[in-house]
Amino acid sequence: MYGIVNKAIEDLVIDNFGQDKWDLILERSGVEVDFFISNEPYDDDITYKLAGAASEVLSITVGEVLHAFGEWWIIKTGKEKYGGLMEAGGKNLREFLVNLPAFHNRIMLIYPKLTPPEFKVSDIEDHSINVHYFSKREGLQDFVSGLLSGLAKMYQTEVIIQLLQSRDDGSNHEIFRVSW
Ligand code: HEM
């Protein structure tokens, strides 16, 4: 994944837990990179190692790390660094989610070597929508639920996020029902 992802994990840890914890996490991960360059692609393994080490050092589950990272990604990375792009995504949560399937097309203009996730939406109602998540990558379901929760916060909307199906139960993709 592009360095911006690893850099965002670093920023999240330093902001919330301090530099010392980050130094420990980096050491524990075995990742030998002194600093991440945002627009350079890195092996996915680095991101997984950082998330695993963060879980050990902070004594929370990898799922909790990924969920927190999803929220951070929207509120800090998305809104603060790519505010215009995020705002163009929709004027409310429902509209943003309806437009989500095309979102990474624009991101690919900035990061041409992106391996983006694929999203589809179905069952679009006034107060709920089903978000389908397809990915070549494993184990990022909690990252997606964190992203959805971050989007809800961005639009100051209270939501319930339910995982209707998952690759863990033999399906070929995840479906999240987002209700507000
Ligand atoms: C301006 C905002 C955003 C930027 C700059 C961005 C950029 C990126 C980048 C660089 C990656 C790493 C993939 C790679 O390097 O190959 C990524 C992955 C990902 N993004 Fe985005 N993204 C943004 C918003 C979103 C939003 C709003 C969602 C969904 C709610 C989302 C969902 C994901 C997921 C799930 C992945 C993991 C990849 C996978 O599952 O295979 N992103 N994005």
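Quick note: structure is the one above.
The notes below deal with the structure included here. Bear in mind that the values here come from a model prediction, so they are computed numbers and not experimental data.

## So, helix H3 (residues 44–58)
In a regular helix each residue adds 1.5 Å, so 15 residues correspond to 21 Å; H3 covers 21 Å between its end C-alpha atoms and thus fits that length. Residues of H3 that are buried include every one of Ile46, Thr47, Leu50, Ala51, Ala53, Ala54, Ser55, Val57 and Leu58, and no others. In this fold, the buried residues of H3 make contact with helix H1 (3–17), helix H2 (19–29) and helix H4 (62–81). You can read the cap of H3 off the contacts: a side-chain oxygen lies 3.0 Å from the backbone nitrogen of aspartate 45, and it is on aspartate 43. Within two residues after H3, serine 59 carries a phi angle of roughly 55 degrees, on the positive side.

## Considerations on the packing of aromatic side chains
Considering all chains together, one arrives at seven aromatic pairs under this definition. Both rings, one in phenylalanine 96 and one in phenylalanine 103, keep their centres 5.4 Å apart while their planes meet at 40 degrees; by these two values the pair is tilted. Both residues of the pair, phenylalanine 96 and phenylalanine 103, belong to the buried class. Chaining the aromatic ring pairs together yields one cluster made of Phe69, Trp73 and Phe143. Here the basic side chain of lysine 120 rests over the ring of phenylalanine 134, its NZ or CZ set 5.1 Å away from the ring centre.

## Remarks on the pairing of strand S4 (residues 174–179)
Counted residue by residue, S4 has five buried out of six residues, so it is predominantly covered. As paired strands, strand S2 (residues 128–134) and S4 are joined by six bridges and run antiparallel to one another. Its bridge partner lying in S4, tyrosine 133 is registered against glutamate 174.

## Some details on the layout of surface pockets
In this structure, the largest pocket encloses a volume near 730 Å³. Lining of the largest pocket is provided by 35 residues; of these, Trp73, His104, Leu114, Pro117 and Phe143 occupy positions nearest its centre. If you list the elements that add at least two residues to the lining of the largest pocket, you get H1, H4, helix H6 (93–110) and helix H7 (141–154). Broken down by element, the residue count for the lining of the largest pocket peaks at six residues, all from H6. Looking at the lining of the largest pocket residue by residue, the classes come out as 27 nonpolar, five polar and three charged.

## Some points on the coordination of the iron atom of the ligand
When a metal carries six donors in an octahedron, the ideal angles between them are 90 or 180 degrees, while four donors in a tetrahedron ideally lie at 109.5 degrees. For the iron atom of the ligand, the protein supplies a single donor, His104 (NE2), at a distance of 2.2 Å. Of note, histidine 104 is situated in helix H6.

## Some thoughts on the pattern of salt bridges
Going through the model one piece at a time under the given rule, you end up with nine salt bridges. In this structure, aspartate 45 engages lysine 49 in a salt bridge whose closest nitrogen and oxygen atoms are separated by 3.3 Å. With aspartate 45 and lysine 49 both in helix H3, this residue pair falls four residues apart, about one helical turn. Taking the relative accessible area as the measure of exposure, aspartate 45 reaches 37% and is therefore partly exposed. For lysine 49, a relative accessible area of 39% gives the class partly exposed. A salt bridge links lysine 153 to glutamate 71, with the nearest nitrogen and oxygen atoms 3.1 Å apart. Here lysine 153, found in helix H7, pairs with glutamate 71, found in helix H4; they are 82 residues apart in sequence, far enough to count as distant. Note on lysine 153: relative accessible area 48%, which makes it partly exposed.

The rules behind the values
Residues numbered from 1 in each chain as written. Predicted model: local features only at pLDDT ≥ 70, side-chain atom pairs only at ≥ 80, totals over all residues. Heavy atoms only, no water. Helix = DSSP H or I, 4+ residues; strand = E, 2+ residues; numbered from the N terminus. Expected span 1.5 Å × (residues − 1). Buried < 20%, exposed > 50% of the residue type's maximum accessible area, 1.4 Å probe, protein only. Contact = heavy atoms within 4.5 Å. Polar contact = N/O pair within 3.5 Å; in protein donor to acceptor, adjacent residues only side chain to side chain. Phe/Tyr/Trp six-rings, centres within 6.5 Å; stacked < 30°, edge-to-face > 60°. Lys NZ or Arg CZ within 6 Å of the ring centre and 35° of its normal. Pairing = 2+ DSSP bridges. 1 Å grid on protein atoms, 1.4 Å probe; cavity = no way out; pocket = protein on both sides within 12 Å on 5 of 7 lines; lining within 4 Å. Points joined across faces, edges and corners; volume = space filled by probe spheres on them. Nonpolar A, V, L, I, M, F, W, Y, C, P; charged D, E, K, R; others polar. Donors = N, O, S within 2.8 Å, 3.2 Å for Na, K, Ca; no water. Salt bridge = Lys/Arg side-chain N within 4 Å of Asp/Glu carboxyl O.

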